[in-house]
Amino acid sequence: MLEHLVEAALEILTPLCEMMGILVIAVSTLSAFWRYLRGLFTHSPGDVKSRLASGLALSLEFKMAAEILKTVLVRDMTELMVLGAVIILRALLSFLIHFEMKQHDIPQQETLGGIAT
């Protein structure tokens, strides 16, 4: 009884988490592209790369949440290995995006620090 209830809930929650991730990707991509275009015409500096990376990192968190929910329904070792590989790849992508964001923020902080003093 409880197993069927959990399966029914996960059949709703897993695609919902994945759709939230897709929505975050779409919104952050369109927003970044809009900021890029606006910066081209107004010649104002914009932090397009950082905002896009932030949106992609957030979307990966939603996608990883969906993968973690899928582990509840794993029936055999093959499925577990595939889900584990997907989770590891998404975690690695998330780590790389966060690393890139930090590397991008360091030169900006040094530049801003140089201007302020």
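As a reminder, the structure under discussion sits directly above these lines.
K.L.:
So what exactly am I meant to see when it comes to the environment of V6 here?
P.N.:
Summarising the element assignment, V6 is placed in helix α1 (residues 2-42). V6 sits 67 residues away from L73 along the chain, and the two C-alpha atoms are 8.9 Å apart.

K.L.:
Please clarify how the nonpolar core should be interpreted in this entry.
P.N.:
Soluble globular proteins: nonpolar side chains tend toward being buried together. By size, the foremost hydrophobic cluster in this structure holds five residues: A53, A57, L60, I97 and M101. For this core, the elements supplying multiple residues, two or more each, are α2 (48-70) and α3 (77-116). In terms of residues, this core owes the most to one element, α2, which gives three residues. Setting aside anything within four residues of it in sequence, one finds A53 in contact with I97 and M101.

K.L.:
Would you mind going over the pattern of salt bridges with me for this structure?
P.N.:
Pairs can form between side chains of opposite charge whenever their charged atoms are close. Under the defined criterion, the tally for this structure stands at four salt bridges. Linking E67 and K70 is a salt bridge whose minimum nitrogen-to-oxygen distance equals 3.5 Å. Taken together, the residues E67 and K70, both in helix α2 and three residues apart, mark about one turn of the helix. With a relative accessible area of 4%, E67 lands in the buried category. Put simply, E67 and R90 hold a salt bridge, and the shortest N to O gap is 3.2 Å.

K.L.:
Can you help me understand the side chain of S94 in this one?
P.N.:
Take S94: it is sitting in helix α3. Classification of S94 by relative accessible area gives buried; the value is 5%. If we ignore the near neighbours within four places in the chain, the residues touching S94 are L60 and E61.

Analysis parameters
Residues numbered from 1 in each chain as written. Predicted model: local features only at pLDDT ≥ 70, side-chain atom pairs only at ≥ 80, totals over all residues. Heavy atoms only, no water. Helix = DSSP H or I, 4+ residues; strand = E, 2+ residues; numbered from the N terminus. Core = buried A, V, L, I, M, F, W, Y, C linked by side-chain atoms within 4.5 Å. Buried < 20%, exposed > 50% of the residue type's maximum accessible area, 1.4 Å probe, protein only. Contact = heavy atoms within 4.5 Å. Salt bridge = Lys/Arg side-chain N within 4 Å of Asp/Glu carboxyl O.

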